[in-house]
Amino acid sequence: MATPPHTALAPWRDPSLDPETRVDALIREMTLKEKIAQLFGVWVGASDEGAEVAPHQHDMEEPVDLDELIPDGLGQLTRPFGTVPVDPALGAVSLMRTQARIVAGNRFGIPAVAHEECLAGFAAWGATAYPVPLSWGATFDPDLVREMAEAIGRDMRSVGVHQGLAPVLDVVRDARWGRVEETIGEDPYLVGTIATAYVQGLESAGIVATLKHFAGYSASRAGRNLAPVGMGRRELADVILPPFEMALRESGVRSVMHAYTDTDGIPSAADDALLTGLLRDTWGFTGTVVADYFGIAFLKTLHGVAGTFAEAAGAALAAGVDVELPTVKTFGAPLLEAVERGQIPEKLVDRAVRRVLLQKVRLGLLDPDWSPVPPALENADTTTDPELLRGTIDLDPDSNRDLARRIAERAVVLLRNDGTLPLDPDQPLRIALIGPTAQAETAVLGCYSFPVHVGAQHPDTPLGIDLPTLHAALRSEFPAADIVVAHGTGIDDGATDGIPAAVSLARDADLVIAALGDRAGLFGRGTSGEGCDAASLSLPGAQQQLLDALLDTGTPVISALLAGRPYALGRAAHEAAAIVQSFFPGESGTAAIASVLSGRTNPSGRLPLSVPRHPGAQPATYLAARLGHASEVSTIDPAPAFGFGHGLTYTSFAWSDLTAEATEASTDGAFHLTFTVENTGDRSGTEVVQVYLHDPVASVVQPLQRLIGYVRLDLAAGEKRLVAVDVPADLAAFTGRDGRRAVEPGELELRLAASSTAPRLTTRVTLTGPVRHVDHHRHLHARFRTAPHTSQ
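Residues numbered from 1 in each chain as written. Predicted model: local features only at pLDDT ≥ 70, side-chain atom pairs only at ≥ 80, totals over all residues. Heavy atoms only, no water.

### Concerning the side chain of Glu-245
Argument step 1. Tracing the chain through its elements places Glu-245 in helix α9 (residues 242–250).
Argument step 2. The exposure class of Glu-245 is buried, given its relative accessible area of 4%.
Argument step 3. Once residues within four sequence positions are removed from consideration, Glu-245 is found in contact with Trp-283, Arg-741, Asp-775, His-776 and Arg-778. (Helix = DSSP H or I, 4+ residues; strand = E, 2+ residues; numbered from the N terminus. Buried < 20%, exposed > 50% of the residue type's maximum accessible area, 1.4 Å probe, protein only. Contact = heavy atoms within 4.5 Å.)

### Some details on the sheet that holds strand β15 (residues 557–563)
Paired through backbone hydrogen bonds, the strands of a sheet run either parallel or antiparallel to each other.
Argument step 1. Reading across the sheet, the 6 strands line up as β11-β16-β15-β14-β12-β13 and stay open at both edges, with mixed pairing between neighbours. Single-partner strands in this sheet number two, and they are β11 (413–417) and β13 (482–486). Mean inter-strand twist for the sheet, computed between neighbouring axes without regard to direction, equals 15 degrees.
Argument step 2. Pairing between strand β14 (residues 511–517) and β15: 6 bridges, direction parallel. In the strand pairing of β15, Gly-517 is matched with Leu-562.
Argument step 3. Relative to β13, helix α17 (residues 470–477) is tilted by about 170 degrees, and along the sheet it contacts β12 (430–434), β13 and β14.
Argument step 4. Of the strands in this sheet, β12, β14 and β15 touch helix α19 (residues 543–552), which is tilted by about 170 degrees from β14. (Pairing = 2+ DSSP bridges. Axes fitted to C-alpha atoms, helices over the stretch in contact; angles between N-to-C directions.)

### Considering the pairing of strand β21 (residues 670–679)
Argument step 1. Where strand β19 (residues 653–660) meets β21, 6 bridges bridge the pair, whose relative direction is antiparallel. Among the inter-strand pairings, Trp-655 is bridged to a residue of β21, identified as Val-677.
Argument step 2. One ladder, built from 9 bridges, connects β21 with strand β24 (residues 720–728); its direction is antiparallel. Each bridged residue has a counterpart across the sheet, and for Phe-675 the counterpart in β24 is Val-723.

### Structural notes on the nonpolar core
Argument step 1. Counting residues in each nonpolar core, the largest one holds 232 residues, and the members touching the most others are Phe-122, Tyr-198 and Phe-214.
Argument step 2. Once residues lying within four places of it in the same chain are set aside, the contact partners of Phe-122 are Phe-81, Glu-116, Glu-117, Ala-127, Thr-128, Ile-152, Asp-155, Met-156, Val-159, Val-161 and Leu-395.
Argument step 3. Core analysis: the next-biggest nonpolar cluster, separate from the first, contains 33 residues, Leu-713, Val-725, Val-743 and Ala-782 among them. (Core = buried A, V, L, I, M, F, W, Y, C linked by side-chain atoms within 4.5 Å.)

### A short note on unusual backbone geometry
Argument step 1. A cis amide bond links Phe-214 to the next residue, Ala-215, at an omega of 0 degrees.
Argument step 2. When you line up the elements, Ala-215 lands in the loop between β6 (208–214) and α8 (233–240).
Argument step 3. Of note, the bond from Leu-325 into Pro-326 is cis; its omega dihedral lies within 30 degrees of zero at 5 degrees.
Argument step 4. You can see Pro-326 is positioned in the loop between α12 (309–319) and α13 (333–340).
Argument step 5. Phi is positive for Phe-140, close to 50 degrees, though the residue is something other than glycine.

### Topic: the packing of aromatic side chains
Ring pairs (aromatic) are described by centroid distance and by the angle formed between their planes.
Argument step 1. Inspection of every chain in the model, using the stated rule, returns 15 aromatic pairs.
Argument step 2. Cluster of aromatic residues (ring-pair linked, three or more members): Phe-140, Tyr-189, Tyr-622, Phe-644, Tyr-692 and Tyr-710.
Argument step 3. Cation over ring: Lys-300 sits above Phe-309, and NZ or CZ is 5.0 Å from the ring centre. (Phe/Tyr/Trp six-rings, centres within 6.5 Å; stacked < 30°, edge-to-face > 60°. Lys NZ or Arg CZ within 6 Å of the ring centre and 35° of its normal.)

Pasting the structure below:
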C-alpha cells in the first residue's frame, strides 16, 4: 500500500526542515487545480448544533459545493463564527469537524485558514464588544490597545480561528464617510502608532493580523463609500501610506488587504506598483495579500478594467493579490481555465500559493502533530452529544469586560465644561435624560460588532452580551438622583412631535443630559457604518432641533454623544454646560460615560479627529495647508469647534521651562528638548503632551502643522514631571517634487501642545547642511523620557 502524501514522512510534514524547503517540496507535488484551491476562501457559517459548517449564500456570490471543492483542498474558511449566531463551544466543534473533513478530503492533508472580523472585538456571538477604533485613537494609549488586541487574539485562537481582518489604517480625510467609526483618526502618526500596537497584540496571540485597506480608501470624493479617489502621489505618500509603513516595520504583521478603491483610474486590486513594487520590493513584506470581499470581481463589475472574470483574476494575481475572499468567484474555474489555455502564466499561481503555504507552515498547520481540536476544546469530550458543551466557552469573561471598561473610560472626551461637571453622585438632583440614545442598548456598538453586523438579522436571538443602557448606567452611578426620561426624537426619523414633552421635562429638572448620536448599521441601515455616508455633519434627523429646544429652556444641558463620527453641534458648542463625546464605546461604554459625569473617572480622552464648527465645511482636517484654512476670499470657514487632540480634564496643568539643548542640527541630526509639566489642580489627572512640527518654508506646500509625537502623563495633584523629548531630523521629511522623501535645511517650529489648537510651548530650530533623502528605514518616532521634577 502506498504511503499517503500527507504522512509525516513527506518533507512538507517535517518541522526540522526550513519552511521554504517544505513548501517548495509540496508545490512540486501539487496539480494546478490543487494549487489554485489554496488561493480562495469559501464563506461558511458554523452550526449551532455542532455539525459541519454550511456554505453561506450571499446576493453577490453563487452557491458553492463543498463536496466538490474539498478534494482539491481549500485555502480559507470565511467567518465561521461571524455569519450566524452560534454558541461559541458548538461553533468550535463545528469548525473542528469541518477542518477534520478538509484534511481528510485532500491529498496533502492541508487545513484551511479560518478568518474572522475583529474590528471592535472578535465578531462572534457572545464575545466582548470593545470600543471601536475611533475610541482607540481617543485614548492616545498604544499600550492599552495592545493589551486589548492580545485579549481579542486569545479568544479567537481558542476556538480555532487563525486570521483577523483588522486593523483599519485608513486616515480620515472626510468625516462624512460612513466608515469613520472604523478608523483611528485623521492623523497618520496617531493612526500608525495605535494600529501598530493593535497588530502587535493580535500577532502576539498567534493570530494573523490584516492591514486594511491598502491604500487610499478613506480619501474617496465627497466621503462616499467605494467612490473614486483623486488624490496626488504626495498625499498618498505623506498621509495615507505612513501608517502601513510603520505597522509593517514594527509589528510583524503577516497579511495585507487591498482596498476597493481606484486611485486616479488604477484599482488597488490591480495595482502592481502598489502591491508588489512598494509593498514587497521596497518595504520587504513577505506575507499574504488578501482581497477585500468581492474586490477581484469588482475589477470587472465595478471598475471596468477587466472584460471577464478570468481577466480580473489575471490582473489581481499579477498585481500581487494572493487570496480571493470571501468566496471563490474568479480564482476558481475562470483562473484555472485561463492558465490551462496559456492566457495567465502558471508562475503567478506558484508565486501566490508559495506565500499562502508558507503562512500555513508557519502557523503549524502542516506539522505532523497538528490537530483540528482548538485550545478551548482540548479538555472537552467532543465525541459525545455537542449539546453537552453548550455554554462552556465564555468569550466575555470578567477580565475582558474590565479591559473594555478601561478603554472606554480612557476614550471619553470632555469637549466642554463650564464647571457643571463633575456631578455629585450623592446630591438629590432631578435629571432629565432626553434623547434617542438614552435607552437604546446597542447605541454603544459600531457596525462591525456582532449584535449589529449579524445579530440585527436575527432579532429573536438574544444579544449574547450585557449592554446596559445609558439610563441604567446613570441610575447606578447617581442613586440619589431622580432621573426622568424622554425620547424627544429618533436618531434619524426627523420626528418632532416628542420635543414639546421633552422640553416640559427639561424645564422642571435641575439638569438635562441630552443623549444624542448615531445608530450603527450597514449600507443605509444606520447613520454610521459601512455604506452609511452623511450628506453633511449635522446631527442626524431632528436631533439638533431637539438640542436647541433644550438649550432654550435655560436648564443646564450636558450633551452626551454616542456616535461614530464627529458632528457640528451648533449653539451647543458654546452654550451647553458640558459636552461629553464618546465614539461607540462598546459594552462598558455607558458606565464609562456615567463615571466621567460623576468624576469617578477623570476624563483623559483626546479627539482623534476634529469636531466641525459648521456642518457643511467638508472635507476638512487639521492637516491642512494655508489655503485649507479660513481666508477672506471664501465664505466657508473650516475652523473646527474643537480641534484634533483636544480634551479637557477635571484638573489643570502648567507647562514651563522649555529648553533646547541646541537650536541647530544637521539634516541627519536631532533636537533635544526638555520642559516641565505640573498638575496645578487638586486632583490627579492625565495630560497628553503632543508635539507638532511647523515647516514655514518648504519646496512643496506643507500642512501648517502635523503631529510627530505624543505621550500620556499621569500626574497626582501638585506633581511635576520633567519631560525630555528627542526629535530626529527625519521627522521633518516629506515627499518632494521628484517623488523622493527628503529632509530639507531651514527653519522649523516645534510646538509642544495640549491639542492642535492649544500650543503651550514653542521653540524655533534650524536644520543645516544639504538636502538629505531618506527612505523607509528613516526614524519614525520622537523619543520621550520623563522623570520626577526636582527643584534646584
